[in-house]
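Now for the letters of each chain:
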Amino acid sequence: MKTFLKILLTALAVILLANILPGVEVAGYVSAIIVAIVIALLNMIVRPLLIFLTLPATLITFGLFIFVINAIIILLADKLVDGFTVSGFWAALFFSILLSIFRSFLFSLLNDKEK
């Protein structure tokens, strides 16, 4: 049940960010839910591989290369989901940073309700 709520909160964040950021569009609520599921799967499967393969670049940049990896995850989600478009790398980078912030805030609200 907690995973389902996290998917819905991520979909809500995707919709909000698509309305705020230029260059990011989502077709509707169903597309936002699909984007949330795809991002979760990519974060579970592809992100650890990318972090491992780019470990030297991540170490040299003191971890800032993780932002690039997050943008790549968003661009992959753009290619996999039809109703979700990101105009370019910079839009994906800003979207990934803001999505992380929104998700942290929303997930903290979810954890406060359980206590």
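Note that this is a predicted model, so its numbers are computed, not measured.

A. The arrangement of the overall build of the chain in detail. On a plain count of helices and strands, the chain comes out with five helices and two strands. Its helices and strands in sequence order give the chain the pattern α-β-α-α-α-β-α, from N to C terminus. Dimensions along the principal axes, computed over C-alpha positions, put the chain at roughly 40 × 35 × 25 Å. Among the 115 residues that make up the chain, the fraction classed as buried is 35%. Partitioning the intrachain contacts of the chain with sequence separation of at least 6 by distance along the chain shows that 64% fall at a separation of at least 24. Put simply, the chain shows about 7,100 Å² of open surface, and 74% of that area lies on carbon and sulfur atoms. Side chains of the chain give 7 positive and 5 negative charges; the mean places of these two sets differ by 10 Å.

B. Quick peek at the environment of Lys-6. Following the sequence through the fold, Lys-6 ends up in helix 1 (residues 2–20). In this structure Lys-6 comes out as partly exposed when scored by relative accessible area, which is 32%. Along the backbone, Lys-6 and Arg-103 are 97 residues apart, and their C-alpha atoms lie at a distance of 8.4 Å.

C. Molecular detail of the packing of helix 1 against helix 2 (residues 29–53). The interhelical angle for the contact between helix 1 and helix 2, taken along N-to-C directions, is 115 degrees, at an axis separation of 8 Å. As for the relative orientation of helix 1 and helix 2, their crossing is right-handed in sense. Residues Ile-7, Leu-8, Thr-10, Ala-11, Val-14 and Ile-15 of helix 1 form the contact with helix 2, whose participating residues are Tyr-29, Ala-32, Ile-33, Val-35, Ala-36, Ile-37 and Ala-40. Across the contact of helix 1 with helix 2, the residue classes break down as twelve nonpolar, one polar and no charged.

D. Inspection of the side chain of Asp-78 at higher detail. Tracing the sequence through the fold places Asp-78 in helix 4 (residues 65–80). Among buried charged residues, Asp-78 stands out as having no salt bridge; its nearest opposite-charge side chain is Lys-79, 4.5 Å away. Aside from chain neighbours lying at most four places away, what touches Asp-78 is Phe-84, Thr-85 and Val-86.

E. Spotlight on the packing of aromatic side chains. Throughout the structure, instances matching the rule amount to two aromatic pairs. Plain terms: the ring middles of Phe-84 and Phe-95 are 5.7 Å apart, the flat faces sit at 50 degrees to each other, and that makes the pair tilted. Placement of Phe-84 in strand 2 (residues 84–86) and of Phe-95 in helix 5 (residues 89–114) is noted, with a sequence separation of eleven residues between them. Of the two residues examined, Phe-84 and Phe-95, each falls in the buried class. Positioned over the ring face of Phe-107 is Lys-6, at 5.2 Å from the centre of the ring.

F. Helix 1, seen in detail. Taking 1.5 Å of rise per residue, 19 residues should cover 27 Å, and helix 1 covers 27 Å from first to last C-alpha, within 8% of that figure. For helix 1, the full list of buried residues reads Ile-7, Leu-9, Thr-10, Ala-11, Ala-13, Val-14, Ile-15, Leu-17 and Ala-18.

Calculation notes
Each chain has its residues counted from 1, running along the sequence as written. The predicted nature of this model means local features are confined to residues of pLDDT at least 70 and side-chain atom pairs, given and counted, to a pLDDT of 80 or more, with totals for whole chains, interfaces and linings taken over all residues. Neither water nor hydrogens contribute to the side-chain values; these are computed over all heavy atoms in the structure. Under the DSSP-based scheme used, a helix requires at least four consecutive residues in state H or I and a strand at least two consecutive residues in state E, with every element numbered from the N terminus. Here the term buried applies to any residue with accessible area under 20% of the maximum for its type, exposed to any over 50%, and partly exposed to those in between, with areas from a 1.4 Å probe on protein chains only. The criterion used for residue contact is that any of the two residues' heavy atoms lie within 4.5 Å. Reported accessibility uses the Shrake-Rupley method at a 1.4 Å probe radius. Residues are deemed covered only where the shown protein chains occlude them. His residues and chain termini do not enter the charge count, which takes Lys and Arg as positive and Asp and Glu as negative. Charged side chains are reduced to one point each, which is NZ for Lys, CZ for Arg, CG for Asp and CD for Glu. Lines fitted to the C-alpha atoms define the axes, with helices restricted to the stretch that makes contact. Angles between their N-to-C directions range from 0 to 180 degrees. Helix crossings get a hand from a simple test, with the near helix turned counterclockwise from the far one by less than a right angle marking a left-handed crossing and a clockwise turn marking a right-handed one. The nonpolar class holds Ala, Val, Leu, Ile, Met, Phe, Trp, Tyr, Cys and Pro. Asp, Glu, Lys and Arg form the charged class, and all remaining residues, Gly among them, are polar. We count a salt bridge whenever a side-chain nitrogen from Lys or Arg sits within 4 Å of a carboxyl oxygen from Asp or Glu. Paired rings are identified among Phe, Tyr and Trp, the last through its six-membered ring, by centres lying within 6.5 Å, and are further divided according to the angle between planes into stacked (under 30 degrees), edge-to-face (over 60) and tilted (the rest). Two conditions define a charge located above a ring, namely a distance within 6 Å from the ring centre to NZ of Lys or CZ of Arg, and an angle within 35 degrees of the ring normal. Here a helix's expected span is defined as the number of its residues, less one, multiplied by 1.5 Å.

Honestly, it's all geometry; don't read function into it.
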